[in-house]
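# Topology and contacts: notes
Below, each chain spelled out in residue letters.
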Amino acid sequence: MNVWIAIGATTVGCYLVKLLGLLVPAGALERPVVKRLAELLPVALLAALTAQQAFADGHALVLDARAAGLGAAAVALVLRAPFLVVVGVAVVVAAGARALTG
């Protein structure tokens, strides 16, 4: 039953956050600081999530095939490869590293 209480609380919380966002005055959203934060925050959160997924295994820091794939994707991005090529390069390098290391 505790799981359903958590699901219900999360549902209500998400609804209230969305409602709070709709109640913010338009003037507050037009400030340059708020606009800049809205541009940079999703990128920072995605980078943090990517780093956590690529370099962590529970409570330990790991360098495995995921890190090799991420590094290859970074190189492809620096070389200005299209998005699908970047993903393909990351997949191939990660799969190759897994095949070589077991």
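Up top you'll find the structure we're talking about.
Here the residue numbers are simple positions, counted from 1 along each chain's written sequence. The model is predicted, so local features are restricted to residues of pLDDT at least 70 and side-chain atom pairs to those at 80 or more, both for listing and for counting; the totals for chains, interfaces and linings are taken over all residues. Based on all heavy atoms of the structure, the side-chain values leave hydrogens and waters out of the count.

## Section: the overall build of the chain
This is how the line gets drawn: Secondary structure elements are defined from DSSP: runs of H or I of at least 4 residues count as helices, runs of E of at least 2 residues count as strands, and each element is numbered from the N terminus. Values of the radius of gyration come from C-alpha atoms, whereas the globule rule sets the reference at 2.2 Å times the count of residues to the power 0.38.
From N to C terminus, the chain includes five helices and two strands. Its helices and strands in sequence order give the chain the pattern α-α-α-β-β-α-α, from N to C terminus. Against the globule reference of 13 Å for 102 residues, the chain gives a C-alpha radius of gyration of 20 Å, more extended than a compact globule. By its C-alpha atoms, the chain is 55 × 45 × 25 Å across when sized along the principal axes.

## Focus: the pattern of salt bridges
Which entries qualify depends on this criterion: One speaks of a salt bridge when a side-chain nitrogen belonging to Lys or Arg is within 4 Å of a carboxyl oxygen belonging to Asp or Glu. Burial classes: relative accessible area under 20% of the type maximum marks a residue as buried, over 50% as exposed, and values in between as partly exposed (1.4 Å probe, protein chains only).
In total, this model carries three salt bridges according to the counting rule given. Across the pair Glu 30 and Lys 35 runs a salt bridge, and its minimum N-O distance is 3.3 Å. Overall, Lys 35 belongs to the partly exposed group, its relative accessible area being 41%. With a closest N to O distance of 3.5 Å, Glu 39 and Arg 36 form a salt bridge. With Glu 39 and Arg 36 both in helix α3 (residues 32-55) and three residues apart, the pair spans about one turn of that helix. Residue Glu 39 is classed as exposed on the basis of its relative accessible area, which comes to 51%.

## A word on a nonpolar patch on the surface
As a reminder, the rule being used: A patch is a set of surface residues, each over 30% in relative accessible area and not in a salt bridge, joined within 9 Å for like charges and within 5 Å for the nonpolar side chains Val, Leu, Ile, Met, Phe, Trp and Tyr. We get accessible surface area from the Shrake-Rupley algorithm with a probe of 1.4 Å; when it comes to residues, only the shown protein chains can shield them.
On the surface, a nonpolar cluster with roughly 520 Å² of combined accessible area is contributed by Val 12, Tyr 15, Leu 16, Leu 19 and Leu 23. For Leu 19, the location among the structural elements is in helix α1 (residues 2-23). Looking at Leu 19, the relative accessible area reads 34%, which means it is partly exposed.

## So, α3
Rules: To estimate the expected span of a helix, subtract one from its residue number and multiply by 1.5 Å. Note that bend, as reported per residue, equals the angle between axes fitted to the 7 residues terminating at that residue and the 7 residues originating from it.
With 24 residues, α3 should cover 34 Å at 1.5 Å per step; its first-to-last C-alpha distance of 34 Å lies within 8% of that length. Residue Leu 40 marks the point of greatest curvature in α3, where the axis turns by about 30°; the proline Pro 42 follows within four residues.

## With respect to the packing of α3 against helix α4 (residues 65-78)
The condition that has to hold: Only C-alpha atoms enter the line fits that serve as axes; for helices the fit covers just the stretch in contact. Angles between N-to-C directions range over 0 to 180 degrees. Note that the term roughly parallel is reserved for angles under 35 degrees, roughly antiparallel for angles over 145, roughly perpendicular for angles of 65 to 115, and oblique for everything else. The contact criterion used throughout is that any non-hydrogen atoms of two residues lie within 4.5 Å.
Running from N to C, α3 and α4 point in directions that differ by 140°, and their axes come no closer than 7 Å. Considering their axes alone, α3 and α4 lie oblique with respect to each other. From α3, Thr 50, Gln 53, Ala 54 and Phe 55 reach across to α4, where they touch Arg 66, Ala 67 and Leu 70.

## A closer look at the environment of Thr 10
Structurally, the position occupied by Thr 10 is in helix α1. The spacing of Thr 10 and Ala 26 is 16 residues in sequence and 27 Å in space, taken between C-alpha atoms.

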